[in-house]
Amino acid sequence: MEIVELIKAIILGIIQGITEWLPVSSTGHMILFDSFWPMDASQFSGGRAFIDLFLVVIQFGSILAVLVLYFHKLNPFSPKKTPVEKRQTLSLWGKVLIATIPAGIVGLLFDDLINEYFYNAVVVAIMLIAYGVFFLLVEGRGRQPKIRAYNQLHGKTLLLIGVFQMLALIPGTSRSGATILGAVLLGCSRSVAAEFSFFLAIPTMLGASGIKILKYFSDYGFGFTSTELIILLTGMAVAFLVSVLVIRLFMGFIKKHDFRPFGWYRIALGAVILVLFFCDVLQVVPQ
């Protein structure tokens, strides 16, 4: 195995661990990396298909970070919890599943069409800029949140948050960005919006990853080479470690600041992608 590919896996794990939880679009950052220093498909038995699988599988590291950091809050069977707290935890999981429904249905029905028509640099750049502007507008309203606890989240609000997550199926939107923005618009505090976005990632990313893995195995068979296993495990481990750090820093940040810095960052990144695309530097969007 070339050490260069291992370095790329480490960098991609870092990108995944950072951009999955911040509202800045992991796809936009993957575009830039893939355009300037792509992984070498010839190093893998599955070719480019393995690279696409890798970009999905490293999400497991990010999911594990959420489960570790919020284990007590998400564990309904903890002996340290009272019966009331256990019911509240089960209720939280129920809310997460309800909010997952819209994206789950649309993703299953239209995944191939979305990949075919929306996975391009221009769409990604437009969505980066558009949601960046939305963040600036929402934060400029100065309204006080009405929902400061999960028990205040009810059916209609949960489904609407799920609709916002569904919009993130369009590349460049950012799953966390769309979910957080939607939750804030619906009256959630920043901390509730961010944490609920983390929890929504668990079934959403597990489902998307599972489908991708099954498709890969159906085309290339079960099993990986030693090189592929090292690449996968390295990417997941790095994504896990970086995710733990980023989630902690992000939750600390939003206690004292709003989301406007992320809005400006999105606009700048979208503009850079557009410029590079029209200068023929960007050609392919990784899927």
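Everything below is about the structure shown above.
This structure is a prediction, so every number in the text was calculated from the model and none was measured.

**Student:** Quick question: what am I supposed to make of the overall build of the chain here?
**Tutor:** For the chain, the helix and strand inventory stands at 12 helices and zero strands. Start at the N end of the chain and walk to the C end: the helices and strands fall as α-α-α-α-α-α-α-α-α-α-α-α. Over its C-alpha atoms the chain spans a radius of gyration of 19 Å, differing by no more than 12% from the 19 Å that the globule rule assigns to 287 residues. The principal-axis extents of the C-alpha atoms in the chain amount to approximately 55 × 45 × 35 Å. Across the chain, the fraction of contacts at a sequence separation of at least 24, relative to all contacts at a separation of at least 6, is 82%. As presented, the chain carries roughly 13,500 Å² of accessible surface, and 69% of it is formed by carbon and sulfur atoms. Charged side chains in the chain number 22 positive and 16 negative. The centres of these two groups are separated by 20 Å.

**Student:** Looking at this structure, how should I read the side chain of glutamate 228?
**Tutor:** Among the secondary structure elements, glutamate 228 is positioned in helix 11 (residues 226-254). Although glutamate 228 is buried, it makes no salt bridge; arginine 48 carries the closest opposite charge, 13 Å away. Of note is the side chain of glutamate 228, whose polar atom sits 2.8 Å from the side chain of serine 45.

**Student:** I tried to follow the side chain of glutamate 5 on my own but got confused; where do I start?
**Tutor:** With respect to the element layout, glutamate 5 can be found in helix 1 (residues 3-19). With near-sequence residues (within four places) excluded, glutamate 5 lies in contact with Met39, Asp40, Gln43, Phe44 and Ile231.

**Student:** Even after reading the chapter, I still don't get the pattern of salt bridges, so can you show me in this structure?
**Tutor:** A side chain of one charge can pair with a side chain of the opposite charge when the charged atoms of the two come close. The full count for this structure, using the stated rule, is six salt bridges. Notably, a salt bridge pairs arginine 175 with glutamate 20, separated by 3.4 Å at the nearest N-O pair. Of this pair, arginine 175 sits in helix 9 (residues 175-185) while glutamate 20 is found in the loop between helix 1 and helix 2 (26-36), placing the two residues 155 residues apart along the sequence. A relative accessible area of 7% means that glutamate 20 is categorised as buried. The partner of glutamate 195 in a salt bridge is lysine 73, and the shortest N-O contact between them spans 3.0 Å. Separated by 122 residues along the polypeptide, glutamate 195 in helix 10 (residues 190-220) and lysine 73 in helix 5 (residues 71-74) bring together distant segments of the chain. Lysine 73 sits in the partly exposed class, given a relative accessible area of 34%.

Criteria and cut-off values
Residues numbered from 1 in each chain as written. Predicted model: local features only at pLDDT ≥ 70, side-chain atom pairs only at ≥ 80, totals over all residues. Heavy atoms only, no water. Helix = DSSP H or I, 4+ residues; strand = E, 2+ residues; numbered from the N terminus. Rg over C-alpha atoms; globule rule 2.2 N^0.38 Å. Contact = heavy atoms within 4.5 Å. Areas by Shrake-Rupley, 256 points an atom, 1.4 Å probe, with all protein chains shown as cover. Lys, Arg positive; Asp, Glu negative; His and termini not counted. Charge placed at Lys NZ, Arg CZ, Asp CG, Glu CD. Buried < 20%, exposed > 50% of the residue type's maximum accessible area, 1.4 Å probe, protein only. Salt bridge = Lys/Arg side-chain N within 4 Å of Asp/Glu carboxyl O. Polar contact = N/O pair within 3.5 Å; in protein donor to acceptor, adjacent residues only side chain to side chain.

Functional significance is not addressed by these values, which are geometric in nature.
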